[in-house]
Amino acid sequence: MNETRAMTVSAPQRGAPRILVVEDESALSLLLAYNLEAEGFLVERVERGDEAELRLEESVPDLVILDWMLPGVSGLEICRRLRARDATRTLPVIMLTARGEEGERVRGLSVGADDYVVKPFSVPELMARVRALLRRSRPERVATKLSAGDIELDRETRRVRRGGRDIHLGPTEFRLLEYLMEKPGRVFARSQLLDSVWGFSVEIDERTVDVHIGRLRKALAKATETDPIRTVRGAGYSFDETFGRA
Ligand code: CA
């Protein structure tokens, strides 16, 4: 049943950083999506400002590329509202603007955009800025290796080791562990895990999460070893931030 979900997302790994592209020029939006996907990012595109707001309320990506002039709600206003909400206060935002609006740069930065790109721009330059901004603001999303205590996860080789032995995980368990290890101590609701680990707009029973957490635990901890995953009753799961520190 694992792979019935594969169609929700294209080539990039489902645990990859997620980027929302908000741009009403379809050709540009497609070009950006194509290039971002080639870099291994998961991309979602919307063309209207009000659509973007709905999407951002449902789920928070790792970075937003936001056009200034949009139908519905302007990019400027969206940025201002993102900064006013706890869930999106530090969400990395790159604003796009047409040449004539260049004088508005200061306004863009004053509402909290992290970076600002004037059209027409070179795609490689924008890609470099996306990577730089993610490295700065979400280092855990782009680090090659994550480690805690005696557990080490390598994103490039897709290997997990504990105390020197290889841990064999299925693809879903790997992504779950990767996601939890990115924010040790943070408790994720089952719905959040479904959204982030399984992908955009999937309809799966939340108990599926419990099944995969169970498999992950079994693979990670042999008889006397400490279980690094914490079940928080009524809330969800987290990677125990005290793991390996005792
Ligand atoms: Ca526009």
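Here the residue index of a chain counts from 1 through its sequence in written order. Note on the predicted model: pLDDT of at least 70 is required for a residue's local features to be given, and 80 or more for side-chain atom pairs to be given and counted; whole-chain, interface and lining totals, by contrast, use all residues. With hydrogens and water set aside, each side-chain value is computed from the structure's full complement of heavy atoms.

Novice: So what exactly am I meant to see when it comes to the packing of helix α8 (residues 190-198) against helix α9 (residues 207-220) here?
Specialist: Packed helices, taken two at a time, are described by the angle between their axes plus the distance between the axes. Structural elements are reduced to axes, namely lines fitted to C-alpha atoms, with helices fitted over the stretch in contact, and the angle between N-to-C directions of any two is expressed from 0 to 180 degrees. Secondary structure is summarised from DSSP: a helix means a run of H or I of at least four residues, a strand means a run of E of at least two, and numbering begins at the N terminus for each. At their nearest, the axes of α8 and α9 sit 9 Å apart, and the two run at 75° to each other. On the basis of the axis angle, α8 is roughly perpendicular to α9. Here Arg 190, Leu 193, Leu 194 and Trp 198 of α8 lie close against α9, whose contacting residues are Thr 208, Val 209, Asp 210 and His 212. Gly is put with the polar residues, along with every residue not named as nonpolar or charged; the nonpolar set is Ala, Val, Leu, Ile, Met, Phe, Trp, Tyr, Cys and Pro, and the charged set is Asp, Glu, Lys and Arg. Residue composition of the contact of α8 with α9, by class: 4 nonpolar, 2 polar and 2 charged. The cut-offs work like this: below 35 degrees is roughly parallel, past 145 is roughly antiparallel, 65 to 115 is roughly perpendicular, and the gaps in between are oblique. Residue contacts are defined here by distance: any two heavy atoms, one from each residue, within 4.5 Å place the two residues in contact.

Novice: Is there a simple way to think about the coordination of the calcium ion in this case?
Specialist: At the metal site, the calcium ion is ligated by Asp 24 (OD), Asp 67 (OD) and Met 69 (O), and these contacts range over 2.1 to 2.4 Å. Expressed as a motif, the donor residue spacing for the calcium ion is D-x42-D-x1-M. Pair noted here: Asp 24 is in the loop between β1 (18-22) and α1 (26-38) and Met 69 is in the loop between β3 (63-67) and α3 (75-84), with a separation of 45 residues, a long-range link. Between buried and exposed lies partly exposed: a residue is buried under 20% and exposed over 50% of the maximum accessible area for its type, with that area taken using a 1.4 Å probe on protein chains only. A residue is classified by how much of its surface remains accessible, and Met 69, at 48% relative accessible area, is partly exposed. Each metal site is built from N, O and S donor atoms within 2.8 Å (3.2 Å for Na, K and Ca), and since water is not included, such sites may look incomplete.

Novice: Honestly, the pairing of strand β10 (residues 229-232) in this entry has me stumped. Any pointers?
Specialist: It is a general feature of regular strands that their side chains alternate between the two faces of the sheet. Sheet topology places β10 next to strand β11 (residues 236-239); 4 bridges connect them, and they run antiparallel. Residue pairing for β11: Thr 231 is matched across the bridge by Tyr 237. Any two strands are treated as partners once DSSP identifies two or more bridges connecting them. Where β10 folds back onto β11 in an antiparallel hairpin, the turn is made up of 3 residues, including Gly 234, whose phi is positive at roughly 75°.

Novice: It is not clear to me how the sheet that holds strand β2 (residues 42-46) should be interpreted in this structure. Could you clarify?
Specialist: Remark on secondary structure: sheet strands pair via backbone hydrogen bonds, oriented parallel or antiparallel. Taken in spatial order, the 5 strands line up as β2-β1-β3-β4-β5 in an open sheet, and their pairing is parallel. In this open sheet, the two edge strands, each paired with only one partner strand, are β2 and β5 (115-118). Along the sheet, successive strands turn relative to each other by an average axial angle of 20°, direction set aside. In the sheet, β3 pairs with strand β4 (residues 93-97) via 4 bridges, with the strands oriented parallel.

Novice: Please explain the packing of aromatic side chains as it appears in this structure.
Specialist: Any aromatic ring pair is given by two values, namely how distant the centres are and how the planes are angled relative to each other. Geometry of aromatic contacts follows a simple scheme: Phe, Tyr and Trp rings, the Trp one being its six-membered ring, pair when their centres are within 6.5 Å, and the pair is stacked under 30 degrees between planes, edge-to-face over 60, tilted otherwise. Within this structure, the stated rule accounts for 3 aromatic pairs. Where Trp 68 meets Tyr 116, the ring centres are 6.2 Å apart and the plane angle is 80°; that geometry is what we call edge-to-face. With Trp 68 in the loop between β3 and α3 and Tyr 116 in strand β5, this residue pair connects regions lying 48 residues apart in the sequence. The buried category is assigned to Trp 68, whose relative accessible area is 6%. Judged by its relative accessible area of 2%, Tyr 116 falls in the buried class. Consider the rings of Phe 239 and Phe 243, whose centres lie 5.8 Å apart with planes at 85°: the pair is edge-to-face. Accessibility assignment for this pair places Phe 239 and Phe 243 in one class, buried.

Novice: Help me out: how do you make sense of the nonpolar core in this one?
Specialist: The nonpolar side chains of a soluble globular protein tend to be buried with one another. By nonpolar core is meant a set of buried Ala, Val, Leu, Ile, Met, Phe, Trp, Tyr and Cys residues that side-chain atoms within 4.5 Å join together. Val 160, Leu 177, Met 181, Leu 193 and Leu 220 are the most contacted members of the largest nonpolar core, which has 26 residues in total. Breaking this core down by element, the ones donating at least two residues are β6 (145-148), β7 (151-154), α7 (171-182), α8, α9 and β11. It is α7 that provides the largest number of residues to this core, a total of 6 residues. With residues up to four places along the chain from it excluded, the contact list for Val 160 reads Ile 151, Glu 152, Leu 153, Arg 165, Asp 166, Ile 167, Leu 169, Phe 174, Leu 177 and Leu 220. By size, the runner-up hydrophobic cluster in this structure holds 21 residues, among which are Val 22, Ile 78, Leu 82 and Val 111.

Novice: Even after reading the chapter, I still don't get the sheet that holds β6, so can you show me in this structure?
Specialist: Strand order in the open sheet formed by 4 strands is β6-β7-β8-β9, with antiparallel pairing between adjacent strands. Since the sheet does not close on itself, it has two edges, and those belong to β6 and β9 (165-167), each with one partner. The mean inter-strand angle of the sheet, taken between neighbouring strand axes irrespective of direction, is 25°. Sheet strands in contact with α7 are β6, β7 and β8 (159-162), and its direction is about 110° off that of β7. Along the sheet face, α9 touches β7, β8 and β9 and points at about 170° away from the line of β9.

Novice: Help me understand α3, please; the structure alone is not making it clear to me.
Specialist: Each turn of an α-helix holds 3.6 residues, which means side chains three or four residues apart point in the same direction. Of all the residues in α3, the buried ones are Gly 75, Leu 76, Ile 78, Cys 79, Leu 82 and Arg 83. Angularly, the buried residues of α3 cover 160° about the axis, an arc narrow enough to put them on a single face. Think of it as the arc spanned by the lines of direction from the helix axis to the C-beta atoms.

Novice: Whenever I open this one, the packing of α7 against α9 confuses me. Can you help?
Specialist: Across the interface, α7 lies against α9 with an axial gap of 9 Å and an inter-helix angle of 85°. Our classification of the angle between α7 and α9 gives roughly perpendicular. On α9, the residues that touch Thr 172, Glu 173, Leu 176, Leu 177 and Leu 180 of α7 are His 212, Ile 213, Arg 215, Leu 216 and Leu 220. In terms of residue class, the contact of α7 with α9 is built from 6 nonpolar, 2 polar and 2 charged.

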